[in-house]
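Residue-level structure breakdown
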Protein chains: 4
Amino acid sequence: MSLQNPVFIPGPTNIPEEIRKACDMPTIDHRSPTFARMFKPAVAGVRRVLNMGAGEVIILPSTGTGGWEAAITNTLSQGDTVLAARFGMFSHRWIDLCQRHGLAVQVIETPWGQGAPLGAIEAALRADTGHKIKAVLATHNETATGVRSDIAGIRRALDAAGHPAMLFVDGVSSIGSMPFDMAGWGVDIAVAGSQKGFMLPAGLAILGVSPKALGAMETAGLPRTFFDFRDMLKSYAAGGYPYTPAVGLIAGLAKSIEILEDEGLEAVYARHHRLAEATRRAIAAWGMRPCAASPDLYSDTVTAVLVPDGCNGTELVQLAATKYGVAFGVGLGEVAGKVFRIGHLGMLTDVMLLSGLATAEMCMADLGWTVKLGSGVAAAQEYLRNSTTVALAAAA
Amino acid sequence: MSLQNPVFIPGPTNIPEEIRKACDMPTIDHRSPTFARMFKPAVAGVRRVLNMGAGEVIILPSTGTGGWEAAITNTLSQGDTVLAARFGMFSHRWIDLCQRHGLAVQVIETPWGQGAPLGAIEAALRADTGHKIKAVLATHNETATGVRSDIAGIRRALDAAGHPAMLFVDGVSSIGSMPFDMAGWGVDIAVAGSQKGFMLPAGLAILGVSPKALGAMETAGLPRTFFDFRDMLKSYAAGGYPYTPAVGLIAGLAKSIEILEDEGLEAVYARHHRLAEATRRAIAAWGMRPCAASPDLYSDTVTAVLVPDGCNGTELVQLAATKYGVAFGVGLGEVAGKVFRIGHLGMLTDVMLLSGLATAEMCMADLGWTVKLGSGVAAAQEYLRNSTTVALAAAA
Amino acid sequence: MSLQNPVFIPGPTNIPEEIRKACDMPTIDHRSPTFARMFKPAVAGVRRVLNMGAGEVIILPSTGTGGWEAAITNTLSQGDTVLAARFGMFSHRWIDLCQRHGLAVQVIETPWGQGAPLGAIEAALRADTGHKIKAVLATHNETATGVRSDIAGIRRALDAAGHPAMLFVDGVSSIGSMPFDMAGWGVDIAVAGSQKGFMLPAGLAILGVSPKALGAMETAGLPRTFFDFRDMLKSYAAGGYPYTPAVGLIAGLAKSIEILEDEGLEAVYARHHRLAEATRRAIAAWGMRPCAASPDLYSDTVTAVLVPDGCNGTELVQLAATKYGVAFGVGLGEVAGKVFRIGHLGMLTDVMLLSGLATAEMCMADLGWTVKLGSGVAAAQEYLRNSTTVALAAAA
Amino acid sequence: MSLQNPVFIPGPTNIPEEIRKACDMPTIDHRSPTFARMFKPAVAGVRRVLNMGAGEVIILPSTGTGGWEAAITNTLSQGDTVLAARFGMFSHRWIDLCQRHGLAVQVIETPWGQGAPLGAIEAALRADTGHKIKAVLATHNETATGVRSDIAGIRRALDAAGHPAMLFVDGVSSIGSMPFDMAGWGVDIAVAGSQKGFMLPAGLAILGVSPKALGAMETAGLPRTFFDFRDMLKSYAAGGYPYTPAVGLIAGLAKSIEILEDEGLEAVYARHHRLAEATRRAIAAWGMRPCAASPDLYSDTVTAVLVPDGCNGTELVQLAATKYGVAFGVGLGEVAGKVFRIGHLGMLTDVMLLSGLATAEMCMADLGWTVKLGSGVAAAQEYLRNSTTVALAAAA
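What this report covers is the structure whose coordinates are included nearby. In this text, all values refer to a predicted model and were calculated from it rather than measured experimentally.

**A few points about the overall build of chain A**
When helices and strands are tallied, chain A shows 13 helices and 13 strands. In summary, chain A has a C-alpha radius of gyration of 21 Å against a globular reference of 21 Å for 396 residues, a match within 12%. Here the C-alpha coordinates of chain A stretch approximately 60 × 55 × 35 Å along the principal axes. The 396 residues of chain A split such that 71% are buried. Carbon and sulfur atoms make up 53% of the accessible area of chain A, which amounts to about 11800 Å² in all.

See below:
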């Protein structure tokens, strides 16, 4: 594995120079106003990236998994019912987590490659006339299959059913890379991580919490301390933190948001879409297709590529690592072997993406798959060169 | 706050150059063998620092608080009884955490400045003939008061009482800086953090878990996922991690252990003792004394200095920060205002320590306290210059 | 210009992570033994990379230009004659430098794209029966045209002519990337820079000086102080430096040599050849050819690509920078506009190279040149995937 | 030598975090506009720090020694006469350099510890009725003795004598730390280095050149290429550089100036004066005195401390390094052994300075010198705590 090649895993992403430098800092006193001066802009920036209305931002020294756990332990009690669709490894894991915490999960089994089934969700909500369902869990971007679900549609389903359940969204691999509208979609808890759209190392779970979810916090019976929103909010109000924070990552988060907003969130989303589309053009040129079942489901942060019959995506990933020092993502769970995944999120450039596509092609040829070298690259080149609209920013 | 001055908070510590560089790394694929090659030496090194026998090391992307939570949720069930003494803010917080997770905590209230009361603990254990007590919790080094407790003594109490309770030890501010003997003391779970003796940024909870505690894991009823040892151990066995690890901190942990072992753990402990003793000499020269009630209780990582009547330790800490850009620790809880704290752990040098002592003196004079400038510095100088026995290591 | 894309200028090269970290160090006392402990392995390593026999290594806080100046001012006097061929911008500049220092330069004008003309050199030496020529200057790798000259051949010419002139070689863009045999070729001064094969930032001129050249030092009349070998050698012998050294770069140089020797110099040269050959395959697929007139002249560190009639290489370089954030080298002097240059030296990987080739193709298409997108990439892919023989090293 | 302790050598200085990060950058194309965008603010900032009027800034990848050489080779011819006083190692070295370049140096021998002798200079200029003297060389701050000379006084001497000689000033260890007024003092060339007031690593010579000196450039006969101002200025005008620049150091220089100007140059000078005064108070408390003969000569960047009879300053420096890992400066030349030097320039804090003073005291006691531990520290503390007028800047 060369430290000089970009990575194409669907997160953690390649870390921009400025963010590495922001994170790498000497020790400061986290009980001093110096810390508060770093923390406040990070919190305020997350609010803007999530497009939150009222509510609070919570930043935990943890990961996305911890964010999921925090979402439920702060709002629910043992035996509570939640509704969730399972259509990939990450939606599966959140369901599993809920079950291990004693929640009753009403699971809508959905084929991998599909997104959140709006009809089935609405039907389940309408059927729940007693409002036993306390929360609907939705995976905005299923990283295992490269599928983006329609969160606005789930909000419409809730509204159509007149159901008061909270809406919790796993946006770990979408937030900061694809449009996210917490206020517009009526999301009650949004969960992000530091290592995807925010381009930081792993180590922070970042949550937006609506007033409604904050209300639930008061009666939630699931035990929690490390993840307790109440301690967090009490300390934040005093410019502090309830225990030792991950100061460097918080400094990095502030810098990340500065970088995202300097480019403009809309431009960031457009850039992700453009690189994702270039990837899809390459895949089509290879005669393959995304695991995501239809274009409306295509993720702009990761593409799971269905490999031809008789081929094994995991072999490609292993060969890319050992022969070329390049990291792609393997297929997980139901799609293990059937796909390999190309992450195209974070501060990726055209040039970096092309190197990944070229590497995948070499691996295919090495493995004896039917592929014309240069074909996917050429398709991506043609698209990229005709779609560059943004002037390149100057280096530091 | 100047980024150039050393910090004298009782952790996070000043971070050595080499450790900062080890932590600051480009993204790698955490599912690749590259990660396993970093993780294994870190785990093996922790084992040596803890002086573990059999058992397992668990490394969580969390903090000491998360380590406490992991210790109980992986081994206990709602309603279980634990025994703990409260003699400072950190012993208090662990007790509070247990209560919030539904445990019955049998609390032995102990004056702040004292350590774990061996007699009372033994008495409580002897009285518990039904063995309701499942675990004894002990804070090895109470960071709030600068008190080191006698963990071997607690083991003797357990043995004397013939009690089968597990022994859980908070070694967050001792491990890596003061002798710790997990095997010899029969500790079942030891909790450390990255940001103290390991000299890393905050972000890792590091646990040693005995075979007995691993056995308890199977029947423990408290809900957990993020902190679940079972997922951890299953993934570790395959060279992986159950979710995205904090790769840079793990690389830094491996480097930290390399640095500690290059110096030699005994030499590291001797160095901490020497700097702590120099600090105590300075304090005596100021006419003050440690919060720790007697020399056998003195911590070698942090000294809480009792300030004279009519003086307020918090004012000193604030003045040091605003006027001199130097961070000390304030008094917490019962000793708020009554003490200020000097952290002297991690890769501190004589020279750095003297700068902290000199700063404290200036603040005392500024605040109108009775102090002779240079007096504490002189006492420390005299001790330090006569106790340097180790040749200085060459720089990188 | 994106800081995330690799550069394809013919130096400074992309800097490996470990070398950046070695260079970025806190201040040490350059008069202390700590400095000597860094300096000595750097000097010893340079000796091995140059394959020096007897003689001395000189390291100046300067650049290649300073190295050229140091070579002549330490060995020659005003009015002395030197023999040199001009066949590119860098051979031209060295000639110009000599003339500005009052030397009589006997110039053999040679077409750009050719290398050092062995026959003409031998003829000139044979004609110089009075041995007025004190030194022959040779540019091992002419960075402007991508031409490697035959230094062993120049030695043979000197020997055949029985001429006692010294042999000075500009190896700035070859040393550390292509075989260099100072002892075998009888080189009297070899000039290297930090920013090419050594993969460091610019800032060091690195010279190997033979015993014969050291002898000339005693009588050399050209004025010099900053570059004076005598001061350098006197200080080095005492473990010091005659003025303030560039300590970080010297630490980086020691690390660079460690990296080169860990890979093995032969493997390093083979890697450079392989990437150069892949580049040439791509060029051929584009229907173009190198500026270097014949395969024996092909440089393994930089390829100057002759662009088709009616095309302007400089436009490609500018477009690559502004549209794709990628840096190539423009044509200089006689070949301005007629070529663009692809640097493929330093710690470049297959994957990085492919991204550069893909970028060049997009630019060609953007500029309306006749090119099939993906064609050069495919040719390089085919070669690269069939020539990978070395197992990839593990990351740090 | 510990990398964690501050250094107290009179340069290179301790490097602020932000400057280290600015210098440590990935490779960019130095022929691109990206480089020009870094270089221009650095040049403009140097102009402000020097308080230049008309004229040009020249930045060379070299050191102060190279700056001296560039000053003379760009303006003078072999056999030209220059006037200089010798009163320390650095004034000596510049004289030596001139002699080695074939200049006739009219040397005014002056006791070490004195500054430039204004009367003798004026007399020499008045005596030179034929205006053979082409330049007066003056060492603004003699780093060997800690003496600041009166450059305005030299200008007055020149004016009083009606002498047209140019005035060249070595400001290597003063510029950026003590007031410098190139325009007001009529300085023709000012020489600075990166590693003192600019707080960077060594590697840049920084010169301000007056229109008069630029005029002399046209007729100067001393050979030069690497240092040639003509090549520099021609390239600068085109946004370029005549050879490969030290890009990272230039980025760092731009950051350095930003930091200096954020604090305010007057505040920077006041801070240096304050720390120097604290150092002198400590020295007085030790019963010693500066090498500088009188208060008007005291340097604010370095103090050479005269050690008591029978004591050897070099022993103190060696002991500080080996026993405490702290670097002071030894005495050089005539004052070798008779002094040790404390550098107090760059981004030093009160706290860092006190640690140096405390270390010196311990060494004195260790060596058996008569010293009261804490005495110098106390004197400095008393002065420092009563002279803090500036609010501390926030971190990061």
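Let's pick the thread back up.
**Examining the sheet that holds strand β9 (residues 205-209) of chain B**
Residue and element names in this part refer to chain B. Taken in spatial order, the seven strands line up as β1-β9-β8-β7-β4-β2-β3 in an open sheet, and their pairing is mixed. Looking at the sheet topology across the chains shown, the edges are occupied by β1 (56-60) and β3 (104-109). Across the sheet, the mean angle from the axis of one strand to that of its neighbour is 20°, orientation sign disregarded. Where strand β2 (residues 81-86) lies against strand β4 (residues 133-139), four bridges are found, and the strand directions are parallel. Across the sheet, the residue bridging to V82 is A135, located in β4. Of the strands in this sheet, β1, β8 (189-193) and β9 are in contact with helix α2 (residues 33-50), which crosses β1 at around 120°. Packing against the sheet, helix α4 (residues 89-100) makes contact with β2, β3, β4 and β7 (166-170), and its axis sits at approximately 155° to β2.

**Topic: the interface of chain B and chain A**
Each side of the interface is counted separately: chain B has 51 residues, and chain A has 51 residues. Buried area between chain B and chain A, both sides added, is near 4100 Å², and the carbon and sulfur share of it is 57%. By the criterion of area lost to chain A, the three top residues of chain B are R20, T27 and R100 of chain B, representing 16% of everything that side buries. Inspection of the chain B/chain A interface yields six salt bridges. Residue R20 of chain A is joined to D24 of chain B by a salt bridge in which the shortest nitrogen-to-oxygen separation is 2.9 Å. For the interface between chain B and chain A, the tally reads 14 residue pairs in polar contact (both at pLDDT 80 or more). At the level of elements, α3 (64-73), α4 and α9 (229-237) of chain B are the ones that each hand at least two residues to the side of chain B that touches chain A. Sorting elements by how many residues they give to the side of chain B that touches chain A places α4 of chain B first, with four residues. Looking at the side of chain B that touches chain A residue by residue, the class counts come to 23 nonpolar, 16 polar and twelve charged.

Basis of the calculations
Residues numbered from 1 in each chain as written. Chains lettered and ligands numbered in written order. Predicted model: local features only at pLDDT ≥ 70, side-chain atom pairs only at ≥ 80, totals over all residues. Heavy atoms only, no water. Helix = DSSP H or I, 4+ residues; strand = E, 2+ residues; numbered from the N terminus. Rg over C-alpha atoms; globule rule 2.2 N^0.38 Å. Buried < 20%, exposed > 50% of the residue type's maximum accessible area, 1.4 Å probe, protein only. Areas by Shrake-Rupley, 256 points an atom, 1.4 Å probe, with all protein chains shown as cover. Pairing = 2+ DSSP bridges. Axes fitted to C-alpha atoms, helices over the stretch in contact; angles between N-to-C directions. Contact = heavy atoms within 4.5 Å. Buried area = accessible area lost by both parts, 1.4 Å probe. Salt bridge = Lys/Arg side-chain N within 4 Å of Asp/Glu carboxyl O. Polar contact = N/O pair within 3.5 Å; in protein donor to acceptor, adjacent residues only side chain to side chain. Nonpolar A, V, L, I, M, F, W, Y, C, P; charged D, E, K, R; others polar.

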